[in-house]
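# Report on the structure
The residues making up each chain are set out below.
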Amino acid sequence: MSCWMPGCPALSMCRGLAMLPITCLERAKDLKTRLGILLHKSELGHRIGTSGKLQLCSRRRGGCAGIVPAEKGSSEYRLEKPPVQSCTMELRSGEMSGKVKEREKGKRAHRDSSQEVLEWRESFDQLLKSKNGVTAFHTFLKTEFSEENLDFWLACEDFKKTRSKTKLASKANRIFEEFVQNEAPREVNIDHETREITRKNLSGATSACFNEAQAKTRTLMEKDSYPRFLKSASYQDMTKQATSRGISKRSHT
């Protein structure tokens, strides 16, 4: 339908378009087509972006964190955290197994120490073989002011392990001066004959130069101090505790 009113804008536009060259009109149509194609691609890309999920892999064990739309069709995003329940369960399981192992280790230590205490009364050798036994016996000897006998015996045991001849001679002199010679600071109770034999051994010190004096001291402790140790209140308390732990163990078995 044509416009016949004078001064009509549409009539002026139609006349202007009619005056344009045909090439201009064709170029305008081509631009319109291209613009439509660009707008369609932009809209398609936006739809793909909002419907998809961008994965941001995390270095933490348990999965990847993901960026997802906050709401369907929204342009805003939120961070989706990875599941951590499995990791937490593994950690708790490891902690529990570690505590169980510690408890079992403690129980075995209690059982071993209890048995060890009871073995001290079997023989003096059993007592001297035990590090805890030697400590307990040394504590008892202090109450009788006779711990120098055990200290001398232990010094002789250490002396026998010396391999250097120079150190052997110096150690021998030091032990003799501290424990064996007359009026020594910690003189042990040995007879005169044994003392003189030990003195002569120092001229050519060997790992066996204190053997006789050590044996006499050991016999003295075994026959005199050891029986009193077994009857002492401290050892009786230790045996009662060891026995009660053994009874408690059997009742729970």
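Conventions and cut-offs
- Residues numbered from 1 in each chain as written.
- Predicted model: local features only at pLDDT ≥ 70, side-chain atom pairs only at ≥ 80, totals over all residues.
- Heavy atoms only, no water.
- Helix = DSSP H or I, 4+ residues; strand = E, 2+ residues; numbered from the N terminus.
- Buried < 20%, exposed > 50% of the residue type's maximum accessible area, 1.4 Å probe, protein only.
- Contact = heavy atoms within 4.5 Å.
- Areas by Shrake-Rupley, 256 points an atom, 1.4 Å probe, with all protein chains shown as cover.
- Phe/Tyr/Trp six-rings, centres within 6.5 Å; stacked < 30°, edge-to-face > 60°.
- Disulfide = S-S within 2.5 Å.
- Salt bridge = Lys/Arg side-chain N within 4 Å of Asp/Glu carboxyl O.

## Things to note about the overall build of the protein chain
Within the protein chain one finds 10 helices and three strands. Counting from the amino terminus, helix and strand elements in the protein chain follow one another as α-α-β-β-β-α-α-α-α-α-α-α-α. Here the protein chain holds 253 residues, and 25% of them are scored as buried. When contacts within the protein chain are restricted to residue pairs at least 6 apart in sequence, those whose partners lie at least 24 apart make up 50%. Looking at the protein chain as shown, the accessible area adds up to about 18,800 Å², and 56% of this sits on carbon and sulfur atoms.

## As for the packing of aromatic side chains
Note on aromatic pairs: each is described by the distance of the centres and the angle between the planes. Tallying each qualifying case throughout the model produces nine aromatic pairs. For the ring pair phenylalanine 152 and phenylalanine 179, a centre distance of 5.6 Å and an interplane angle of 50 degrees mean the geometry is tilted. In this pair, phenylalanine 152 is assigned in helix 6 (residues 147–159) and phenylalanine 179 in helix 7 (residues 165–180), connecting sequence segments 27 residues apart. Of the residues examined, phenylalanine 152 reaches a relative accessible area of 0% and is grouped as buried. Taken together, a centroid distance of 5.3 Å and an interplanar angle of 85 degrees make the contact between phenylalanine 159 and phenylalanine 210 edge-to-face. With phenylalanine 159 in helix 6 and phenylalanine 210 in the loop between helix 8 (192–201) and helix 9 (211–231), the pair connects residues that are 51 residues apart, well separated along the chain. Each member of the pair, phenylalanine 159 as well as phenylalanine 210, is classed as buried.

## A few points about the environment of glutamate 148
On the secondary structure map, glutamate 148 appears in helix 6. Note: C-alpha distance between glutamate 148 and asparagine 189 (41 residues apart in sequence) is 9.4 Å. Apart from the residues lying within four places of it in its own chain, the contact partners of glutamate 148 are Phe179, Arg186, Glu187 and Val188.

## Some words on the side chain of glutamine 214
Mapped onto the secondary structure, glutamine 214 falls in helix 9. Apart from the residues lying within four places of it in its own chain, the contact partners of glutamine 214 are Phe152, Trp153, Cys156, Glu157 and Lys160.

## Focus on the state of the cysteines
Counted by the stated rule, this structure contains zero disulfides. Between cysteine 156, a cysteine without a disulfide, and cysteine 209, which holds the nearest cysteine sulfur, the sulfur-to-sulfur distance is 8.0 Å.

## Let's talk about the pattern of salt bridges
By the definition in use, this model includes 11 salt bridges. Here glutamate 144 and arginine 228 are joined by a salt bridge, their closest N and O atoms 2.7 Å apart. With glutamate 144 in the loop between helix 5 (131–143) and helix 6 and arginine 228 in helix 9, the pair connects residues that are 84 residues apart, well separated along the chain. Since its relative accessible area comes to 26%, glutamate 144 is described here as partly exposed. Here arginine 218 ties to glutamate 222 by a salt bridge, and the two come within 2.9 Å at their closest N and O atoms. Taken together, the residues arginine 218 and glutamate 222, both in helix 9 and four residues apart, mark about one turn of the helix. For glutamate 222, a relative accessible area of 33% corresponds to the partly exposed category. Here the residues in one salt-bridge network are Asp125, Arg218 and Glu222, joined through shared partners.

Read these as geometric descriptors, not functional statements.
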